[in-house]
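Here are the chains, one letter per residue:
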Amino acid sequence: QVQLVESGGQSVQAGGSLNLTCAASGRPFSYLPMGWFRQAPGKGREFVATISYSGQYTDYADFVKGRFTISRDNAKNTAYLQMNNLKPEDTAVYYCAVTKTVYIVRSPANYDYWGQGTQVTVST
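Residues numbered from 1 in each chain as written. Predicted model: local features only at pLDDT ≥ 70, side-chain atom pairs only at ≥ 80, totals over all residues. Heavy atoms only, no water.

## A short note on the state of the cysteines
A full pass over the atoms with the stated rule returns one disulfide. A sulfur-sulfur distance of 2.1 Å marks the disulfide that ties Cys-22 to Cys-96. Here the disulfide of Cys-22 and Cys-96 is right-handed, its torsion about the S-S bond being about 65°. Placement of Cys-22 in strand E3 (residues 18–26) and of Cys-96 in strand E9 (residues 92–98) is noted, with a sequence separation of 74 residues between them. Given the relative accessible area of 0%, Cys-96 is considered buried. (Disulfide = S-S within 2.5 Å. Helix = DSSP H or I, 4+ residues; strand = E, 2+ residues; numbered from the N terminus. Buried < 20%, exposed > 50% of the residue type's maximum accessible area, 1.4 Å probe, protein only.)

Shown next, in the form of structure tokens:
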């Protein structure tokens, strides 16, 4: 069992930056790939970024490439999502999740543990 707690979400103006944090506890975090997802009102949960257990491999949704950076610090059982040049369409609840698969994956269905989410609101 892995417990995940996101933090760092807040309201910002377009063009601003935020750094989301995902703190993990329970089962060893360092052996598991993890991902960030988001869900806007009235929409389904969508993939944002994922990172391998070692941090060596990453994958991003096209709409965040060049703006968002995923990283992790296994010594601190923590993962991060640095978000730059935020746009109003980035407004959503952001979730971190961990998968028991070996490889990094995009589908939310492949993730086994989820945090409660943190709200990001980007205004014009």
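## Digging into the sheet that holds E3
The strand order across the open sheet formed by four strands is E1-E3-E8-E7, and the pairing between neighbours is antiparallel. The outermost strands of the open sheet, each flanked by one partner alone, are strand E1 (2–7) and strand E7 (68–73). Neighbour-to-neighbour, the strand axes of this sheet turn through a mean angle of 15°, independent of strand direction. Relative to E3, E1 runs antiparallel, the two being bridged by six bridges. (Pairing = 2+ DSSP bridges. Axes fitted to C-alpha atoms, helices over the stretch in contact; angles between N-to-C directions.)

## Quick notes on the packing of aromatic side chains
This structure, assessed with the given rule, holds five aromatic pairs. Here Phe-37 and Tyr-111 contribute two aromatic rings whose centre-to-centre distance is 4.9 Å and whose plane-to-plane angle is 75°, an arrangement assigned as edge-to-face. Linking Phe-37 in strand E4 (residues 34–39) with Tyr-111 in the loop between E9 and strand E10 (113–114), this pair joins segments that are 74 residues apart in sequence. On the basis of relative accessibility, which here comes to 0%, the residue Phe-37 falls in the buried class. Tyr-111 gets classed as buried once you look at its relative accessible area, which sits at 5%. Measuring from ring centre to ring centre gives 5.0 Å for Phe-37 and Trp-114, while their planes differ by 50°; the resulting arrangement is tilted. On the criterion of sequence distance, the pair formed by Phe-37 in strand E4 and Trp-114 in strand E10 is long-range, its members being 77 residues apart. By the ring-pair criterion, three or more aromatic residues cluster together here, those being Phe-37, Phe-47, Tyr-95, Tyr-111 and Trp-114. Directly above the ring of Tyr-95 sits Arg-45, whose terminal nitrogen or CZ lies 3.8 Å from the centroid. For Arg-45, the ring lying beneath its charged end belongs to Trp-114, and the centroid distance is 4.7 Å. (Phe/Tyr/Trp six-rings, centres within 6.5 Å; stacked < 30°, edge-to-face > 60°. Lys NZ or Arg CZ within 6 Å of the ring centre and 35° of its normal.)

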